[in-house]
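# Coordinate analysis (summary)
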Amino acid sequence: MGDPIVIALDGTSASGKSTNAKLIAKALGYAYVDTGAMYRSLAWHCLEKGVDLDNDKAVASLCRRWKTELRDDDGHIRLYVNGYFPEKEIRTAETSAAVPAVAAVRGVRKWMKAKQRECIQFGNLVMEGRDIGTNIFPETDFKFYLDASLDERAKRRASDGVDENLAERDKRDSQRAAAPLMIALGARVIDNSKMTAQETSALIIDAVRERLEATG
Ligand code: DC
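Source: prediction; values computed, not measured. (Residues numbered from 1 in each chain as written. Predicted model: local features only at pLDDT ≥ 70, side-chain atom pairs only at ≥ 80, totals over all residues. Heavy atoms only, no water.)

### Some thoughts on the pattern of salt bridges
Using the following cut-off: The rule for a salt bridge is simple: a side-chain nitrogen of Lys or Arg has to be within 4 Å of a carboxyl oxygen of Asp or Glu. Under the scheme used here, helices are H or I runs from DSSP no shorter than 4 residues and strands are E runs no shorter than 2 residues, and both carry numbers assigned from the N terminus.
Per the counting criterion, the structure on display carries 13 salt bridges. The residue arginine 91 makes a salt bridge to aspartate 34 at a minimum N-O spacing of 3.1 Å. A residue pair is termed long-range when its members are at least 10 positions apart, and arginine 91 in the loop between β4 (76-81) and α4 (93-103) and aspartate 34 in strand β2 (residues 31-34) qualify at 57 residues. If you follow the salt bridges from partner to partner, you end up with Asp73, Arg78 and Glu87 in one network.

What follows is the structure, given as structure tokens:
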């Protein structure tokens, strides 16, 4: 058997990465990794420990020291913190507001890269994030970049009951110095403004299967 396959799914906020990544993982029998959840967990942990989010050194230092473990929960790879996965806590408005500062710290991104690459111990992966194709698994042949109009993305967030300034978040993710959101070389860009998740995921699954068949 060859190396595990990694499908890198990057894109803007609310472009449908999570929904599609889960559908693709299920259809192909791959494990699913939400890297945003890892950054959110660190942001939550910083808030818990009272670490000043504007102090990059303190954030990086906590990241080097926190006790974590990757676990496969029914095909979802999760980062447990002190034996606990903070599922609800990482989705609060407070954590959401804290996470861009944490995600911009170089030491944090270095730690996350190593941890995210460790995920291949669980086999083939669908990994969603912002820098998977550019930085975490640049060697993969399976790179996709999702986007949708700002209007459509705002509607999707609102229907999830979340009121968020998406333009501001995209700007912060795209303009940070460390691993900014970018379209990876060789990535297939999919604007799914007018597509359902079923249509989007089917497009990606077909593209992956075609490539796998072509390369044997
Ligand atoms: O996808 P999300 O909204 O859960 O991501 C939370 C934050 O983490 C968002 O500000 C972007 C950042 N992030 C990142 O910088 N790199 C990743 N690979 C995943 C998320």
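There's more to say after this.
### Some thoughts on the site of the ligand
Filter applied, for reference: A single heavy atom is enough: if one lies within 4 Å of a molecule or strand, its residue is considered near that molecule or strand. For the purposes of these results, a polar contact is taken to be a pair of N or O atoms within 3.5 Å, where, inside protein, one atom must be able to donate a hydrogen and its partner to accept one; residues adjacent in sequence count only when each atom of the pair is a side-chain atom. The Shrake-Rupley method, run with a 1.4 Å probe sphere, supplies the accessible areas, and residue values consider only the shown protein chains as cover.
Residues in close proximity to the ligand total 14 residues, the closest being Arg40, Arg109, Arg130, Arg169 and Arg176. Contact distances for the ligand include 3.0 Å between a nitrogen atom and a side-chain N or O atom of threonine 35. Between an oxygen atom of the ligand and a side-chain N or O atom of arginine 40, the distance comes to 2.7 Å. Relative to its unbound accessible area of 450 Å², the ligand is 96% covered by the protein chains. Only α2 (35-49), α4 and α8 (166-175) provide two or more residues apiece to the shell around the ligand. If you tally residues by element for the shell around the ligand, the top one is α2, at four residues.

### Details of the layout of surface pockets
What counts is decided by this rule: Space inside and on the surface of the protein is sampled on a 1 Å grid over the protein atoms alone, with a cavity defined as a set of points where a 1.4 Å probe fits but cannot get out and a pocket as an open set with protein on both sides within 12 Å along at least 5 of 7 lines; lining residues have an atom within 4 Å of a point. Grid points are joined across faces, edges and corners, and a volume is the space filled by probe spheres set on the points. Under the scheme applied, nonpolar residues are Ala, Val, Leu, Ile, Met, Phe, Trp, Tyr, Cys and Pro; charged residues are Asp, Glu, Lys and Arg; polar residues are all the others, including Gly.
The computed volume of the second largest pocket comes to approximately 230 Å³. Lining the second largest pocket are Asp3, Pro4, Ile5, Val6, Arg117, Ile120, Phe137, Glu139, Thr140, Asp141 and Phe142. Residues belonging to the lining of the second largest pocket are distributed by class as follows: six nonpolar, one polar and four charged.

### Topic: the packing of helix α1 (residues 17-28) against helix α9 (residues 197-215)
To be explicit about the condition: Between N-to-C directions, angles cover 0 to 180 degrees, with each direction set by a line fitted to C-alpha atoms, over the stretch in contact for helices. Under this scheme an angle from 65 to 115 degrees is roughly perpendicular, one under 35 degrees roughly parallel, and one over 145 degrees roughly antiparallel; angles in between are oblique. Two helices cross in a left-handed way if the nearer one is turned anticlockwise from the farther one by less than a right angle. They cross in a right-handed way if the turn is clockwise. It only takes one pair of heavy atoms within 4.5 Å for two residues to be counted as in contact.
It is the contact of α1 with α9, at a shortest axis distance of 9 Å, that shows an interaxial angle of 50 degrees. By the angle between their axes, α1 is oblique relative to α9. The chirality of how α1 crosses α9 is right-handed. Only Ala197, Gln198, Thr200, Ser201, Ile204, Ile205, Val208 and Arg209 of α9 make contact with α1, whose side of the interface consists of Thr19, Asn20, Leu23, Ile24, Ala27 and Leu28.

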